[in-house]
Every structure is written in structure tokens, then in C-alpha cells.
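# Structural characterization, general
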Amino acid sequence: MMDLITSWVAAAGYVGIIGLMFLENLFPPIPSELIMPFAGFAAARGELSVTLVILAGIFGTVIGNMFWYEFARAFGAARTRGLCEKYGRWIGVKSSDLDKAEETLRRWGPLAVFLGRIMPGIRTVISIPAGLIEMPRKTFYAWTTLGTTIWVGALTIVGYVLEEGYNQLEPWIDPIGKGLVLLVGVLFLWQIWRIWRRDKQQPR
């Protein structure tokens, strides 16, 4: 399983990493915790450059966050929140997530954008309230890039280091890799089922 996923990431190359990380920030069920370690794994095998892998991950993440930030800033608070309430559940952005992100942003200011890069449930949606309050672009992109660099770099290095000891770690790494892939699939299906059940129970 590890070899198969690593070969997929290597075949996709840097453009593929950019695309996957862009989608990870639009569609949270695609986790960076899987994408970047496997890219680091491929880099350790000499199939990709570790420096370019990190740069590709950073770029994909920043443009993903740029989408939500610029969208929210241009679309306005009322209309953006209305869209999140109506359609956000299909991409994993619930109103409660937005409320949590806004609370974090009010409490921590620009630092929340930095911290949001490594906080599950906040990583994607923090860009929306940042756009809604029209946080200065220089501030938003500077803190986003800094936090992203640390997060993406750490995940890539983990994959890179693990590959070097793969022969010793293979007996438990491979089952963990399979388990993570299965868990992501189960969580995605559970989210779709929960949305379907909730919509079915709502009075028409």
C-alpha cells in the first residue's frame, strides 16, 4: 500500500502535489497529513526533490486559502454566510466551523491565521472570516505562508525521515498507511450519510 500510494504521488509530480493541496484546502476530507508525508517518502527515494515538494505543497495550500479569502472578501459577509449555511455541509464547512473560526480570529487576530494552518477544523475555514473582516492582504498572506511553510515542511520531513528507516519500520508503517486511507474513506462516507439523514429529518 505504501509503495502504491508513493508511486501515485511521484507520478503526479509537483503539479499533482499543488493540485492535491489546493483541493485539501477546498475540500477538508482530503488530508494534508497523508499527501505531504507520501510526497516526502517519494523524495527520499530520489523520485522527487524534497525542496520542490515543500514549495509545491506551500503553493497549493496558499492558493487554496487565497480562494476562500478573496471569495469571502469580495462576496460580503451576509451572502457568504448564507452560502455556508445552505451548501457548506457538502464540502465540510459548517456554520459552526465558521463560528469557531471567527471566534479564534477575534481572540488571536492575525496570529489565528498562522495557528489555523495546523488546527484541524480551522485550517480551511479561518480564511473565510479573515476575508469577511477584510484583514489586510499583506497580513493574511504573510501569516498564511509562514504557518503553511512550517506545517507542510514538517509533514514532508516526517515522510522523508520515515523512508530512510522503512526496512525497519515497514511491519507497522504499512498497516498504519492502510488504516489511514480506510479511515479517510469511512469519515467521508459518514459525513455524507449524516448530511443525508439530517436533511431527511428536516420538515419540508
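Attention here is on the structure that accompanies the text. This structure is a prediction, so every number in the text was calculated from the model and none was measured.

### Side note on the packing of helix H2 (residues 32–44) against helix H3 (residues 50–75)
For the pair H2 and H3, the least separation of the axes is 9 Å and the interaxial angle reads 160°. With respect to H3, the axis of H2 lies roughly antiparallel. Judged by the sense of rotation from one axis to the other, the crossing of H2 with H3 is right-handed. In contact with Met 36, Ala 39, Gly 40 and Ala 43 of H2, H3 contributes Val 50, Val 53 and Gly 57. Classifying every residue of the contact of H2 with H3 by side-chain character gives 5 nonpolar, 2 polar and no charged.

### Here's the deal with the packing of aromatic side chains
Inspection of every chain in the model, using the stated rule, returns 7 aromatic pairs. When the centroid spacing of 5.2 Å and the interplanar angle of 80° are considered together, the rings of Phe 67 and Trp 68 count as edge-to-face. Relative to Phe 140, the ring of Tyr 69 lies with its centre 4.1 Å away and its plane at 10°, an arrangement referred to as stacked. With Tyr 69 in helix H3 and Phe 140 in helix H8 (residues 137–164), this residue pair connects regions lying 71 residues apart in the sequence. With respect to class, Tyr 69 is no different from Phe 140; both count as buried. Three or more aromatic residues joined by ring pairs make a cluster, and in this case those are Phe 67, Trp 68 and Phe 71.

### A short note on H3
For H3, with 26 residues, the first-to-last C-alpha span of 38 Å sits near the 38 Å given by 1.5 Å per residue. Note on H3: the residue one or two positions beyond its end, Gly 76, has a positive phi of about 95°.

### So, the pattern of salt bridges
The full count for this structure, using the stated rule, is 1 salt bridge. For Arg 137, the salt bridge is made with Glu 70, and the minimal N-O distance between the two is 3.0 Å. Here Arg 137 is found in helix H8, whereas its partner Glu 70 is found in helix H3, with 67 residues between them in sequence. Overall, Arg 137 belongs to the partly exposed group, its relative accessible area being 40%. Overall, Glu 70 belongs to the partly exposed group, its relative accessible area being 24%.

### Some thoughts on the nonpolar core
Ile 17, Met 21, Met 36, Ala 39, Val 53 and Val 152 are the most contacted members of the largest nonpolar core, which has 20 residues in total. When residues of this core are traced back to their parent elements, those giving at least two are helix H1 (2–24), H2, H3 and H8. Of all the elements, H2 adds the most residues to this core, at 7 residues. Other than its neighbours up to four places away in sequence, Ile 17 contacts Val 9, Met 36, Ala 39, Leu 48, Val 53, Ala 56 and Gly 57. With 8 residues, the next largest nonpolar core counts Tyr 69, Val 113, Ile 126 and Met 135 among its residues.

Cut-offs used in this document
Note that residues are indexed from 1 along each chain, following the sequence as it is written. Under the rules for a predicted model, residues below a pLDDT of 70 receive no local features and side-chain atom pairs below 80 are neither given nor counted, while totals for whole chains, interfaces and linings still include all residues. Hydrogen atoms and water are omitted, and side-chain values are computed over all heavy atoms in the structure. Fitted lines through C-alpha atoms give the axes, limited to the stretch in contact for helices. The angle between two N-to-C directions lies from 0 to 180 degrees. Think of it this way: any DSSP run of H or I at least four residues long counts as a helix, any run of E at least two long counts as a strand, and we number them from the N terminus. Any angle from 65 to 115 degrees is called roughly perpendicular, while one under 35 is roughly parallel, one over 145 is roughly antiparallel, and all others are oblique. Handedness of a crossing follows from how the near helix is turned relative to the far one, being left-handed for an anticlockwise turn of less than a right angle and right-handed for a clockwise one. We call two residues in contact whenever any of their non-hydrogen atoms come within 4.5 Å of each other. Residues were grouped as follows: Ala, Val, Leu, Ile, Met, Phe, Trp, Tyr, Cys and Pro as nonpolar; Asp, Glu, Lys and Arg as charged; and all remaining residues, including Gly, as polar. Pairing of aromatic rings covers Phe, Tyr and Trp, the last through its six-membered ring, and needs centres within 6.5 Å; plane angles under 30 degrees mean stacked, over 60 mean edge-to-face, and all others mean tilted. Relative accessible area decides the class of each residue, using a 1.4 Å probe on protein chains only: under 20% of the type maximum gives buried, over 50% gives exposed, and in between gives partly exposed. For a helix, the expected span equals 1.5 Å multiplied by the number of residues minus one. The salt bridge definition used is simple: a Lys or Arg side-chain nitrogen within 4 Å of an Asp or Glu carboxyl oxygen. By nonpolar core is meant a set of buried Ala, Val, Leu, Ile, Met, Phe, Trp, Tyr and Cys residues that side-chain atoms within 4.5 Å join together.

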